[in-house]
Amino acid sequence: NEALLEVKKLKKHFSLGKGTVLKAVDDVTFHIKKGETLGIVGESGCGKSTAGRTIIGLYDRTEGDVFYEGKNIHELTGKERFAFQRKMQMIFQDPYASLNPRSTVREIISEPMEVHRLYANKKEQLKRVYQLLEDVGLNRDHANRYPHEFSGGQRQRIGIARALALDPAFIIADEPISALDVSVQAQVVNLLIGLQKKKGLTFLFIAHDLSMVKHISDRIGVMYLGNLVELTASAALYKNPLHPYTQALLSAIPIPDPDIEDNRERIILKGELPSPINPPSGCVFKTRCPLVMDVCSTIKPEWQEVETNHFVACHLYNKSRASHSHHSKTMV
Ligand code: SF4
Ligand code: MG
């Protein structure tokens with residue numbers, strides 16, 4: 001099961017003028033295997049949406065590389081890029097803003113097919129629209145209606161149908177359920193899981209909290225201030241979080257089983273999230289980390305595989321500093 005997508009030391013910086021630089025994405029490395037769902041979690045402003053948009057090529061990258069099926073997506077020619085769009089699609093957070101209010105559902109779903117001239121025959125194209133509506137749990141009677149006639153959950157289904165119109169292999173879902181009522185969030189997640197099985201899709205699923213990605217993700221990555229700080233299999237992340245930031249995030253999620261006594265200590269992070277315009281030197285998490293050490297101020301922790309398939313960027317697990325980290329851990 002080889003990697004479909006590889007992201008290597010990706011950076012996306014925005015120049016705000018007068019030498020001010022916003023380091024939205026500063027150090028992100030991971031791969032996604034075919035048919036897998038990778039969840040990316042982090043609080044708002046951590047750069048997860050920017051990472052998604054850079055990975056799909058909506059933004060050019062500042063440094064680093066993104067390979068899809070071994071091809072560097074930021075080095076494609078215009079023609080290659082156009083063809084490539086069919087393989088990679090995006091589902092957006094806000095199903096209200098992302099659908100043109102003056103277009104019918106049929107027009108919205110047909111548009112990508114028309115741009116890519118998928119069907120010479122209008123009848124065939126309409127058949128495909130009906131099929132896509134069924135795939136997302138709507139029906140052909142919805143085709144001639146407008147977005148405002150639908151609920152938030154239904155609109156997100158329309159957005160999903162549009163993303164599927166070109167029969168992509170890889171989908172980036174940027175907080176697809178965050179704007180929806182809690183009662184419909186699970187329905188949309190289940191729809192995505194069903195579509196993945198049926199169509200063999202690969203997902204990058206972006207969310208702002210760990211409870212939202214739990215049921216859909218095979219592996220989960222945690223982002224903080226433009227940096228990926230931990231990544232491993234979902235079960236391992238919940239059972240054995242290594243990065244102090246992940247530990248804090250998990251301590252804030254209630255244990256879902258009422259029969260299990262929840263006597264974990266809630267880790268409250270001190271201070272505010274620093275600005276990505278002037279991020280801390282050394283470890284980006286040092287200003288809020290309960291386990292901060294001297295070395296954290298000066299040296300940026302490297303992204304390393306500290307256990308099989310468990311990556312973390314934190315000096316506590318740096319093998320070459322093992323004695324140092326052991327000392328600090330026992331002190332806390
Ligand atoms: Fe905390 Fe240091 Fe690890 Fe950063 S490197 S998370 S400051 S212990
Ligand atoms: Mg976002």
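What you see is a predicted model; the values in this text were computed from it and never measured.

### What to know about unusual backbone geometry
Item 1. Even without being a glycine, lysine 18 presents a positive backbone phi close to 50 degrees.
Item 2. Examined against the element boundaries, lysine 18 turns out to sit in the loop between strand 1 (3-17) and strand 2 (20-33).
Item 3. Backbone geometry places arginine 117, a non-glycine residue, at a positive phi of 45 degrees.
Item 4. In this structure arginine 117 comes out as exposed when scored by C-beta crowding, with 7 C-beta atoms within 10 Å.

### Here we look at the nonpolar core
Item 1. Formed by 81 residues in total, the largest nonpolar core has its most connected members in Ala161, Tyr224 and Val229.
Item 2. Other than its neighbours up to four places away in sequence, tyrosine 224 contacts Gly42, Cys46, Val229, Tyr245, Val284 and Phe285.

### Thoughts on the packing of helix 5 (residues 152-164) against helix 6 (residues 182-199)
Item 1. Helix 6 packs onto helix 5 with a crossing angle of 20 degrees between their chain directions and a minimal axis gap of 10 Å. With respect to their mutual orientation, helix 5 and helix 6 come out roughly parallel. For helix 5 against helix 6, the interelement crossing comes out right-handed. Contacts between helix 5 and helix 6 involve Gly152, Gly153, Gln156, Arg157 and Ile160 from the first element and Val184, Gln187, Val188 and Leu191 from the second.

### Remarks on the site of ligand 1
Item 1. In the vicinity of ligand 1 lie 14 residues, with Cys283, Cys289, Cys296, Cys314 and His315 positioned nearest.
Item 2. Partitioning the shell around ligand 1 into residue classes produces eleven nonpolar, two polar and one charged.

### As for the environment of aspartate 94
Item 1. Secondary-structure assignment places aspartate 94 in the loop between strand 6 (88-91) and helix 3 (105-115).
Item 2. In this structure the C-alpha to C-alpha distance between aspartate 94 and threonine 287, which are 193 residues apart in sequence, comes to 32 Å.

### Observations regarding helix 6
Item 1. Taking 1.5 Å of rise per residue, 18 residues should cover 26 Å, and helix 6 covers 26 Å from first to last C-alpha, within 8% of that figure.
Item 2. Along helix 6, the residues that are buried comprise Val188, Val189, Leu192 and Leu195. In a view along the axis of helix 6, the buried residues occupy a sector of 125 degrees, so they form one face of it. Residues of helix 6 that are exposed and point more than 90 degrees away from the buried face comprise Ser183, Ala186, Lys197 and Lys198.
Item 3. Contact partners of the buried residues in helix 6: helix 4 (122-135), helix 5, strand 7 (170-174) and strand 8 (202-207).
Item 4. Trailing helix 6 by a residue or two, glycine 200 shows a phi angle of about 65 degrees, which is positive.

### Here we look at the UniProt feature "domain: ABC transporter" (unreviewed entry) in the chain
Item 1. Within the UniProt annotation, "domain: ABC transporter" (unreviewed entry) is assigned to residues 5-250.
Item 2. In this annotation, residues 5-250 is assigned 36% helix and 28% strand; the end-to-end C-alpha distance for the span is 27 Å.

### Comments concerning the environment of valine 7
Item 1. By the element assignment, valine 7 lies in strand 1.
Item 2. Classification of valine 7 as buried rests on a count of 25 C-beta atoms within 10 Å.
Item 3. Taking the C-alpha atoms as reference points, valine 7 and valine 66, separated by 59 residues in sequence, lie 4.6 Å from one another.
Item 4. Leave out the neighbours within four places in its chain, and valine 7 touches Val28, Thr29, Phe30, Ile55 and Val66.

What counts as what
Sequence positions are assigned chain by chain, starting from 1 and proceeding in written order. To read the labels, note that chains go from A and ligands from 1, taken in the order they are written. This being a predicted model, a pLDDT of at least 70 is required before a residue's local features are given, and a value of 80 or more before pairs of side-chain atoms are given or counted; all residues contribute to the totals for chains, interfaces and linings. Numbering of helices and strands runs from the N terminus; a helix is a DSSP stretch of H or I covering at least four residues, while a strand is a stretch of E covering at least two. To sort residues by burial, count the other C-beta atoms lying within 10 Å of each one's C-beta; a count of 20 or more means buried, 12 or fewer means exposed, and anything in between means partly exposed. C-beta atoms are built from the backbone. Nonpolar cores are built from buried Ala, Val, Leu, Ile, Met, Phe, Trp, Tyr and Cys residues. These are joined into a set through C-beta atoms within 7 Å. We call two residues in contact when the distance between their C-beta atoms, placed using the backbone, is within 7 Å. Angles here are taken between N-to-C directions and fall from 0 to 180 degrees, while the axes themselves are lines fitted to C-alpha atoms, restricted in helices to the stretch in contact. With respect to orientation, any angle under 35 degrees is reported as roughly parallel, any angle over 145 as roughly antiparallel, any angle of 65 to 115 as roughly perpendicular, and every other angle as oblique. Whether a crossing is left-handed or right-handed is set by the direction in which the near helix is turned from the far one by less than a right angle, anticlockwise for left-handed and clockwise for right-handed. Residues are counted as near a molecule or strand when the C-beta atom, derived from backbone positions, lies within 6 Å of that molecule or strand. Polarity classes work like this: nonpolar for Ala, Val, Leu, Ile, Met, Phe, Trp, Tyr, Cys and Pro, charged for Asp, Glu, Lys and Arg, and polar for all others, with Gly in that last group. Multiplying 1.5 Å by the helix residue count minus one yields the expected span of that helix. Each C-beta atom gives one direction from the helix axis, and the arc is the one those directions make. UniProt positions are given in the numbering used here, feature names are shortened, and annotations may be inferred rather than shown by experiment.

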